Amino acid sequence: MKRELLASVAVVGLLFVDFSPAVAQDAANTNQNPPPAGEKLPEVQVIQEQQKAKPKPVKHTKKPTPAAAPVAVSAPPVAEPVEADAVKMSPLGGSEIPVNKVPGSVFQMNSSDIKRDGTVIIQDALQSQVPGLIVTDLQGNQFQTDIQYRGFEASPVNGVAQGLAVYQNGVRINEAFGDVVNWDFLPSNAINNVALVTGNPVFGLNALGGSIVIDMKDGFNFQGADIDTRFGSFGRKQVSAEAGYRSGNWGVYGAFEAINDDGFRDFSDAEVRRGYFDLGVKGDNAEFHFNFTGADNHVGVTAAAPEQLLDMGRNLTFTSPQTTDNEMQMYSVNGKVKATDTLTFSGVTYYRHFNQKHADGNLFDDAENCGGNLCSGDEPVTNAATGDPISYTNGVSYASLDHTSQNADGAGISLQATETAKLFGHNNQFVVGTSYDRGKVAYTAESELGFMQPKFVVAGQGVIMSGSDDFNPRSLSTTNDYFGAFFVDTFNITDKLALTVGGRYNYARIQIENTGDAENDSLNGTNKYSRFNPSAGLTYTFNPALNWYGGYSEANRAPTAAEIACSDPDNPCLIESFLTSDPPLKQVVSRTWETGFRGTINNWSGSQWNWGVGLFRTENSDDIFSAASTDTGRGYFQNIGKTLRQGVEANLSYRSNRLFAYANYTYTDATFQSGIPFFPAPNHPEGPGVFDCPDDPEDPTADTGSCTAVHKGDRIPGVPAHTFKAGFDYWMTPKWKFGADVIAASSQFFFEDAANLDRPLAGYAKVNLHSSYDITDHIQVYGLIENLTDNRYSLYGTYFSVEDANDVSDATGVTFDENNPRTVVPAIPFAAYGGVKVKF
């Protein structure tokens with residue numbers, strides 16, 4: 001299928017490309033405009049931006065660099081001019097309209113914005129300047145963190161409700177099995193532009209809270225080369241390189257990043273290898289690109305640890321190893337053809353392969369001696385290979401080493417037409433398109449017998465366990481078929497007033513087939529979901545300094561194969577590991593209202609102010625949440641009724657020749673809107689509001705654990721109500737730049753504390769610094785500091801079974817206070833990095 005899809009687009013492209021000599025002349029003209037002497041750009045901005053453009057705010061598209069920024073660089077890479085103040089109205093190019101015509105929030109960063117603070121982690125770059133967007137960390141490794149925006153997440157962790165759609169060059173990169181997003185696959189130096197767009201169902205499944213649209217560099221928008229080397233805290237060693245070249249109507253670009261980091265916690269090392277390549281051809285009426293993205297990463301994910309353990313040392317971990325090995329290759333061909341003066345066709349086709357192996361050390365729940373053999377509770381545990389019972393060994397602290405793997409192949413195609421002919425004498429843009437994506441995943445899960453060692457390290461014994469429902473190996477295959485058809489029309493009622501209407505029909509078919517235990521037929525099944533999601537909105541531009549927008553939209557997300565196959569409370573799953581029966585789940589539907597004002601104020605001195613303030617309200621029906629089980633580390637998914645996320649966003653930025661400064665604030669009120677009388681909370685601290693769950697009718701003697709009652713208005717765990725960011729860059733001299741960023745978030749309730757009964761996870765504030773100095777026109781040195789004040793705070797909180805942890809105290813030497821089951825993921829402490837960048 002891969003070769004057929006790629007060949008089909010390539011053949012069509014060759015039929016339409018106009019190899020006009022005008023293109024070569026355009027390239028020559030572009031390269032004949034170096035910056036005048038004395039007009040120098042800051043190093044972090046010269047790689048991508050056009051020197052003569054005026055600065056733009058974070059919320060605008062492809063924000064240019066100040067016209068007279070004073071850092072000396074004599075021969076910067078050349079960037080092709082881009083249309084300012086435009087944003088895509090669909091995943092594909094050709095659908096762009098001015099930002100002041102978009103009836104929703106738009107926040108956008110170009111490559112200069114991403115690189116201004118020196119980060120190589122795209123999540124951190126977006127967090128610094130996009131209002132309401134914060135980074136959370138469930139796994140304890142900064143290369144595999146989550147993005148949360150308005151209480152919706154895009155996470156690499158299976159089991160997290162994925163509420164943001166993410167696209168790379170028009171391809172949806174939410175993975176097939178759990179809609180997860182592997183941010184560590186994206187080379188940060190190859191990213192040309194990132195847009196966060198809200199209130200637009202055209203972006204398809206998972207766009208409940210919005211869509212993140214990533215466009216990569218190519219040989220037409222980047223020419224030049226640079227190499228960046230960096231060393232620093234916790235064994236950080238990295239090298240980044242990129243190069244772009246254009247010859248006539250051909251362009252080529254490549255980028256690579258290699259990063260090694262030991263991590264600040266035990267067993268939290270990371271080894272990241274990722275790259276990107278693009279080959280493009282461009283004529284007067286057509287443009288086509290072939291590109292490749294590849295990654296081969298190893299990440300130690302140390303997850304949450306008991307507060308009592310972290311009091312002994314912030315580097316300590318709880319149950320290891322926890323490692324993830326990811327490999328990914330994606331090939332795509334995209335292009336557009338201008339058929340007439342007003343009609344443009346666009347398309348993309350791709351093939352994506354993703355392979356993941358995950359190892360997770362865990363406590364053994366209720367290990368018992370049953371007549372000389374090992375039991376889990378009253379269920380005998382056997383050797384999966386031989387079927388023989390496993391002998392019980394006295395004096396051993398039992399544990400398990402759980403292994404999961406997924407081998408995924410995906411392919412798809414999207415086609416779009418854009419018509420810009422006037423309608424009734426008024427400017428109008430009509431976009432219509434369709435998409436089809438197919439993903440096939442082979443998933444396995446098994447549990448290896450382990451013995452607990454000091455420092456909570458699980459030593460695997462090479463024996464795969466079975467016999468108990470907790471440990472039976474699982475093997476399944478899933479097939480996802482996603483079809484979408486969409487349209488969006490923007491009609492200028494007047495020069496100042498614009499109306500946008502649109503919608504998308506989504507169809508999802510998710511098939512699950514048991515390929516392991518023949519007796520476990522409950523895994524087999526096919527689930528189908530479909531829905532049409534409409535949108536409508538208005539914008540009014542009073543003047544460049546004042547633009548109003550308002551709109552309504554709907555979106556949906558289908559339950560993932562991982563959620564469907566783990567939705568039975570009587571057969572809970574080890575999240576990221578075991579799958580059992582699959583009672584049907586309902587799809588999640590969001591309904592969003594949004595309104596606000598924004599504008600740009602240009603001063604006579606050449607400085608510029610950009611501002612925005614807006615209100616948003618998104619209600620989800622049939623929202624899906626995970627619930628914990630009495631079995632250690634296990635849980636299941638369920639529809640829990642309605643949830644609400646509403647609030648206010650405000651942002652302000654200033655740019656002059658020597659100073660860039662910004663500040664933004666977001667209030668997010670994320671609450672349950674449906675009561676849940678019995679919400680499982682087996683590890684929640686005892687106290688008022690915690691009670692025994694109802695008895696199981698089929699087994700009245702079974703331990704059903706503790707429950708809490710969730711009421712309408714209770715806050716959703718893990719979502720801080722207040723976030724604030726501020727920062728600046730100041731050019732001390734024409735060669736020396738200094739900058740700082742502050743990120744602050746208020747408290748959030750622990751996961752499993754949906755009833756808001758326990759003390760919340762404390763809020764935090766951290767300060768980061770960055771500075772650079774140009775030694776010559778081609779050599780720059782720089783330094784970065786993260787968490788300047790060494791603030792000790794945490795990013796995620798949940799609970800653990802103190803009883804099970806104390807069962808292995810003989811091996812670990814640690815005994816926990818049974819009154820404190822709180823576990824948290826600590827944030828990185830003070831860290832410093834330094835590097836050298838060489839430009840050619």
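What counts, and at which threshold
- Residues numbered from 1 in each chain as written.
- Predicted model: local features only at pLDDT ≥ 70, side-chain atom pairs only at ≥ 80, totals over all residues.
- Heavy atoms only, no water.
- Helix = DSSP H or I, 4+ residues; strand = E, 2+ residues; numbered from the N terminus.
- Buried < 20%, exposed > 50% of the residue type's maximum accessible area, 1.4 Å probe, protein only.
- Contact = heavy atoms within 4.5 Å.
- Areas by Shrake-Rupley, 256 points an atom, 1.4 Å probe, with all protein chains shown as cover.
- Salt bridge = Lys/Arg side-chain N within 4 Å of Asp/Glu carboxyl O.
- Core = buried A, V, L, I, M, F, W, Y, C linked by side-chain atoms within 4.5 Å.
- Pairing = 2+ DSSP bridges.
- Phe/Tyr/Trp six-rings, centres within 6.5 Å; stacked < 30°, edge-to-face > 60°.
- pLDDT = per-residue confidence, 0-100.
- Patch = residues over 30% accessible without salt bridge, like charges linked within 9 Å, V, L, I, M, F, W, Y side chains within 5 Å.
- Disulfide = S-S within 2.5 Å.
- Axes fitted to C-alpha atoms, helices over the stretch in contact; angles between N-to-C directions.
- Polar contact = N/O pair within 3.5 Å; in protein donor to acceptor, adjacent residues only side chain to side chain.
- Lys, Arg positive; Asp, Glu negative; His and termini not counted.
- Charge placed at Lys NZ, Arg CZ, Asp CG, Glu CD.

**Observations regarding the overall build of the protein**
Phase 1 of the analysis: Looking only at helices and strands, the protein has 9 helices and 46 strands in total.
Phase 2 of the analysis: Here the protein holds 840 residues, and 62% of them are scored as buried.
Phase 3 of the analysis: Relative to all contacts within the protein whose residues are 6 or more apart in sequence, the contacts with residues 24 or more apart total 70%.
Phase 4 of the analysis: For the protein, the exposed area adds up to about 30,000 Å²; of that, 56% sits on carbon and sulfur atoms.

**With respect to the pattern of salt bridges**
Phase 1 of the analysis: Counted according to the given criterion, the structure contains 21 salt bridges.
Phase 2 of the analysis: Between aspartate 481 and arginine 438 there is a salt bridge, and its shortest N-O distance comes to 2.7 Å. Here the residue aspartate 481 occupies a position in strand S26 (residues 474-492), and arginine 438 occupies one in strand S24 (residues 428-453), the gap between them amounting to 43 residues.
Phase 3 of the analysis: Ionic pairing is found between glutamate 554 and arginine 591, a salt bridge with its closest N-O pair at 4.0 Å.

**Thoughts on the nonpolar core**
Phase 1 of the analysis: Within the largest apolar cluster, 64 residues are counted, with the highest numbers of intra-cluster contacts made by Trp183, Ile212 and Ile214.
Phase 2 of the analysis: Leu309, Leu761, Tyr799 and Ala805 belong to the second-largest nonpolar core, a separate cluster that totals 21 residues.

**Concerning the sheet that holds strand S3 (residues 106-110)**
Across a sheet, paired strands are connected by hydrogen bonds in the backbone, their directions being either parallel or antiparallel.
Phase 1 of the analysis: Here 5 strands make up an open sheet; going across it, the order is S3-S9-S10-S7-S8 and the pairing mixed. Taken across any chain shown, the strands that pair with only one partner, and hence form the sheet edges, are S3 and strand S8 (171-172).
Phase 2 of the analysis: Direction of pairing for strand S7 (residues 164-168) relative to strand S10 (residues 210-216): parallel, over a ladder of 5 bridges. Across the sheet, residue valine 166 finds its bridge partner in S10, namely isoleucine 212.

**Brief notes about the packing of aromatic side chains**
Phase 1 of the analysis: Counted under the stated rule, the structure contains 27 aromatic pairs.
Phase 2 of the analysis: With centroids separated by 5.4 Å and ring planes inclined at 55 degrees, the aromatic side chains of phenylalanine 625 and phenylalanine 672 adopt a geometry described as tilted. A residue pair is termed long-range when its members are at least 10 positions apart, and phenylalanine 625 in strand S33 (residues 624-628) and phenylalanine 672 in strand S36 (residues 659-672) qualify at 47 residues. The pair formed by phenylalanine 625 and phenylalanine 672 is uniform in burial state, with each residue classed as buried.

**Details of the confidence of the model for the protein**
Phase 1 of the analysis: Of the residues in the protein, 86% have a pLDDT of 70 or more, and the chain-wide mean is 86.
Phase 2 of the analysis: Taken together, the stretch residues 1-84 has pLDDT below 50 and engages in 211 contacts with residues farther than four places along the chain or on a different chain.
Phase 3 of the analysis: Note that residues 574-582 has pLDDT below 50 and, in this model, 64 contacts with residues that lie over four places away or in other chains.

**Examining a nonpolar patch on the surface**
Phase 1 of the analysis: Taken together, the side chains of Phe430, Val432, Tyr436, Phe483, Phe487, Ile493, Leu499, Val501, Tyr505, Phe532 and Leu538 define a hydrophobic patch exposed on the protein surface, amounting to about 810 Å² of accessible area.
Phase 2 of the analysis: Contributions of two or more residues to the nonpolar patch are made by S24, S26, strand S27 (497-514) and strand S28 (525-543).
Phase 3 of the analysis: Its place among the elements puts isoleucine 493 in the loop between S26 and S27.
Phase 4 of the analysis: According to the relative accessible area criterion, isoleucine 493 is partly exposed, its value standing at 31%.

**A short note on the state of the cysteines**
Phase 1 of the analysis: Inspection of the entire model under this criterion finds 2 disulfides.
Phase 2 of the analysis: Linked covalently through their sulfurs, cysteine 693 and cysteine 707 form a disulfide whose S-S length is 1.9 Å. The disulfide joining cysteine 693 to cysteine 707 has a torsion of about 105 degrees about its S-S bond and is therefore right-handed. Taken as a pair, cysteine 693 in the loop between strand S38 (690-692) and strand S39 (706-710) and cysteine 707 in strand S39 lie far apart in primary sequence, 14 residues in all.
Phase 3 of the analysis: Take cysteine 693: its relative accessible area is 9%, and that puts it in the buried class.

**Looking at helix H5 (residues 122-129)**
Phase 1 of the analysis: H5 sits mainly inside the fold: 8 of its 8 residues count as buried.
Phase 2 of the analysis: Taken together, the buried positions of H5 are occupied by Ile122, Gln123, Asp124, Ala125, Leu126, Gln127, Ser128 and Gln129.

**As for the environment of phenylalanine 185**
Phase 1 of the analysis: Counting through the fold element by element, phenylalanine 185 comes out in the loop between S8 and strand S9 (191-197).
Phase 2 of the analysis: Expressed as a C-alpha distance, the spacing of phenylalanine 185 and glycine 275, which sit 90 residues apart in the sequence, is 8.3 Å.
Phase 3 of the analysis: Excluding residues within four positions of it along the chain, phenylalanine 185 makes contact with Glu175, Arg274, Thr293, Ala295, Asn297, Asn326, Met328, Arg352 and Phe354.

**A look at the sheet that holds strand S4 (residues 133-136)**
Phase 1 of the analysis: Taken in spatial order, the 3 strands line up as S4-S5-S6 in an open sheet, and their pairing is antiparallel. If you trace the sheet from one side to the other, it starts and ends with S4 and strand S6 (152-154), each paired once. Across the sheet, the axes of successive neighbouring strands diverge by a mean angle of 30 degrees, strand direction being ignored.

**Topic: the side chain of aspartate 360**
Phase 1 of the analysis: Along the chain, aspartate 360 falls in strand S18 (residues 343-363).
Phase 2 of the analysis: Judged by its relative accessible area of 14%, aspartate 360 is buried.
Phase 3 of the analysis: A distance of 3.3 Å separates polar atoms of two side chains, one belonging to aspartate 360 and the other to asparagine 362.
Phase 4 of the analysis: Aside from chain neighbours lying at most four places away, what touches aspartate 360 is Pro321, Gln322, Ser400, Leu401 and Asp402.

**Section: a negative patch on the surface**
Phase 1 of the analysis: Together, Asp366, Glu368, Asp378, Glu803 and Asp807 give the surface a local cluster of negative charge.
Phase 2 of the analysis: Tracing the chain through its elements places glutamate 803 in helix H8 (residues 802-806).

**Remarks on the pairing of strand S15 (residues 286-300)**
Across a regular strand the side chains alternate sides, sitting on one face of the sheet and then on the other.
Phase 1 of the analysis: Burial of S15 is extensive: 11 of the 15 residues sit out of reach of the surface.
Phase 2 of the analysis: As paired strands, strand S14 (residues 270-282) and S15 are joined by 11 bridges and run antiparallel to one another. Of the residues in S15, the one forming a bridge with phenylalanine 277 is phenylalanine 292.
Phase 3 of the analysis: Hairpin connection of S14 to S15: 3 residues between the antiparallel strands.
Phase 4 of the analysis: Of the strand pairs in this sheet, S15 and strand S17 (residues 322-338) are connected by 15 bridges, and their pairing is antiparallel. Across the sheet, phenylalanine 292 pairs through a bridge with tyrosine 331, a residue of S17.

**Comments concerning the environment of asparagine 169**
Phase 1 of the analysis: For asparagine 169, the location among the structural elements is in the loop between S7 and S8.
Phase 2 of the analysis: Classification of asparagine 169 as buried rests on a relative accessible area of 13%.
Phase 3 of the analysis: In sequence terms asparagine 169 and serine 332 are 163 residues apart; their C-alpha atoms lie 8.6 Å from each other.
Phase 4 of the analysis: Among all residues touching asparagine 169, those that are not within four sequence positions of it are Ile214, Asp215, Met216, Tyr276, Asn291, Asn334 and Val348.
Phase 5 of the analysis: Engagement of the side chain of asparagine 169 in a polar contact is seen with the side chain of tyrosine 276, the distance being 3.0 Å.

**Describing the side chain of aspartate 758**
Phase 1 of the analysis: Inspection of the secondary structure puts aspartate 758 in the loop between strand S41 (736-745) and strand S42 (764-774).
Phase 2 of the analysis: Reaching out from aspartate 758, the side chain makes a polar contact with the side chain of tyrosine 799 at a distance of 2.8 Å.
Phase 3 of the analysis: Aspartate 758 has contacts with His684, Pro685, Phe749, Asp753, Tyr799 and Arg822, leaving out every residue within four places of it along the chain.

**As for unusual backbone geometry**
Trans peptide bonds make up most of the peptide bonds, and negative phi angles are found at most residues other than glycine.
Phase 1 of the analysis: A cis amide bond links serine 320 with the next residue in sequence, proline 321, at an omega value of 5 degrees.
Phase 2 of the analysis: In this structure, proline 321 sits in the loop between helix H6 (307-310) and S17.
Phase 3 of the analysis: Despite not being glycine, alanine 303 has its phi angle at roughly 55 degrees, a positive value.
Phase 4 of the analysis: When you line up the elements, alanine 303 lands in the loop between S15 and strand S16 (305-306).
Phase 5 of the analysis: Given a relative accessible area of 16%, alanine 303 falls into the buried group.
Phase 6 of the analysis: Backbone geometry places aspartate 790, a non-glycine residue, at a positive phi of 55 degrees.
Phase 7 of the analysis: Position of aspartate 790 among the secondary structure elements: in the loop between strand S43 (779-786) and strand S44 (794-799).
Phase 8 of the analysis: Given the relative accessible area of 34%, aspartate 790 is considered partly exposed.

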